[in-house]
Amino acid sequence: NHRELLYAASNVRPLRLREYLLKAGMAEAALARYEEHRSDLELAKVLCSDHLLSSAAAERIQAKQVSDVLRLALAWTAGTWELDPRSRLDEKIKLQIDTRSLLLDVGRRTPPKFAASRFPLRNEVISLGSAPLDSDNLSPAEVFLLSRLDRPTHLNELIAVSGSSESETFVHVYSLALAGLLERANWKEAFSGAHVGIVETVAVE
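Residues numbered from 1 in each chain as written. Predicted model: local features only at pLDDT ≥ 70, side-chain atom pairs only at ≥ 80, totals over all residues. Heavy atoms only, no water.

Draft legend 1. View of the sheet that holds strand S1 (residues 125-128). Ordered by their spatial adjacency, 3 strands build an open sheet running S2-S1-S3, and the pairing between neighbours is antiparallel. Because the sheet does not close on itself, it has two edges, and the strands there are strand S2 (153-154) and strand S3 (182-184). The pairing of S1 with S3 spans 3 bridges and is classified as antiparallel. Across the sheet, Ile 126 pairs through a bridge with Arg 184, a residue of S3. (Pairing = 2+ DSSP bridges. Helix = DSSP H or I, 4+ residues; strand = E, 2+ residues; numbered from the N terminus.)

Below is the structure:
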């Protein structure tokens, strides 16, 4: 099933839109006119309507903000995730977010022990994914690993020919699978099509 990232929000001050606008060069005095209780989406909309921010700049800054929120949230390897079905976007929003690069980056930062724990079956079959390959965004070790997959291969066999240590290979396989460059036979999705098709918000506390 197709999943599309729409938006992510955080209540951590450094990850609020107001802070990103200040970093982008907007004067603090200009922002002081607008109440801090406004949501980030509301703030962006009113700034555009008041001609203090262009639509293109707003989308660019919000895409960076959303990516940073998710990068932080997805880096957590412990804790409890909750899905609130009441959480819905009240308006249409379409940001240009490079989800594949984001997931690849998150996977690369995963502790090796945690990455290994995602593969309970050493004989799991790994194959090339359907995502388009852009070798410019890959490390030499990742490119080499992909070159070993001329056919679906058991994980333990792939580790043996990866050219990297076992712990490094787990991180590589996990990262590439998250980015859609590898397919796993035993992948377990957090959300099934019967429950949710789009992840709309992530709250970071």
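Draft legend 2. Structural context of the nonpolar core. Tyr 7, Leu 21, Leu 47, Leu 53 and Val 66 are the most contacted members of the largest nonpolar core, which totals 31 residues. Counting only elements with at least two residues in this core, the list comes to helix H1 (17-23), helix H2 (28-31), helix H3 (40-49), helix H4 (55-74) and helix H5 (99-108). In terms of residue count, H4 provides more of this core than any other element does, 7 residues in total. Ala 115, Ile 126, Val 171 and Ala 179 belong to the second-largest nonpolar core, a separate cluster that totals 21 residues. (Core = buried A, V, L, I, M, F, W, Y, C linked by side-chain atoms within 4.5 Å. Buried < 20%, exposed > 50% of the residue type's maximum accessible area, 1.4 Å probe, protein only.)

Draft legend 3. Geometry of the packing of H4 against H5. Contact geometry for H4 and H5: axes closest at 10 Å, N-to-C directions at 30°. Judged by the twist between their axes, the crossing of H4 over H5 is right-handed. Residues Ser 67, Leu 70, Arg 71 and Leu 74 of H4 lie in contact with H5, whose contacting residues are Leu 102, Leu 103, Asp 105 and Val 106. Looking at side-chain class alone, the contact of H4 with H5 contains 5 nonpolar, 1 polar and 2 charged residues. (Axes fitted to C-alpha atoms, helices over the stretch in contact; angles between N-to-C directions. Left-handed = near helix turned anticlockwise from the far one by under 90°. Contact = heavy atoms within 4.5 Å. Nonpolar A, V, L, I, M, F, W, Y, C, P; charged D, E, K, R; others polar.)

Draft legend 4. Spatial organisation of a nonpolar patch on the surface. Together, Leu 72, Leu 74, Trp 76 and Trp 81 give the surface a local cluster of nonpolar side chains, amounting to about 400 Å² of exposed area. Tracing the backbone shows Trp 76 in the loop between H4 and H5. Given a relative accessible area of 37%, Trp 76 falls into the partly exposed group. (Patch = residues over 30% accessible without salt bridge, like charges linked within 9 Å, V, L, I, M, F, W, Y side chains within 5 Å. Areas by Shrake-Rupley, 256 points an atom, 1.4 Å probe, with all protein chains shown as cover. Salt bridge = Lys/Arg side-chain N within 4 Å of Asp/Glu carboxyl O.)

Draft legend 5. Highlighting the packing of aromatic side chains. Enumeration according to the criterion identifies 2 aromatic pairs in this entry. Taking the centre distance of 6.3 Å and the plane angle of 80° together, the rings of Phe 114 and Tyr 174 count as edge-to-face. Taken together, the residues span a long stretch of sequence, with Phe 114 in helix H6 (residues 112-117) and Tyr 174 in helix H9 (residues 166-178) at a distance of 60 residues. Using a relative accessible area of 12% as the deciding quantity, one classes Tyr 174 as buried. Looking at Lys 23, its charged tip hangs above the ring of Tyr 20, at a distance of 5.3 Å from the centre. In this arrangement the basic side chain of Arg 148 is found over the ring face of Phe 144, its NZ or CZ atom lying 4.6 Å from the centre. (Phe/Tyr/Trp six-rings, centres within 6.5 Å; stacked < 30°, edge-to-face > 60°. Lys NZ or Arg CZ within 6 Å of the ring centre and 35° of its normal.)

Draft legend 6. Seen up close, the pattern of salt bridges. For the structure on display, the rule yields 12 salt bridges. Across the salt bridge formed by Arg 13 and Glu 19, the nearest N and O atoms sit 3.4 Å from each other. A salt bridge links Arg 71 to Asp 105; the shortest N-O distance between them is 2.8 Å. On the criterion of sequence distance, the pair formed by Arg 71 in helix H4 and Asp 105 in helix H5 is long-range, its members being 34 residues apart. When salt bridges with common partners are traced through the structure, they connect Lys 64, Asp 68, Arg 71, Asp 105 and Arg 109 into a single cluster.

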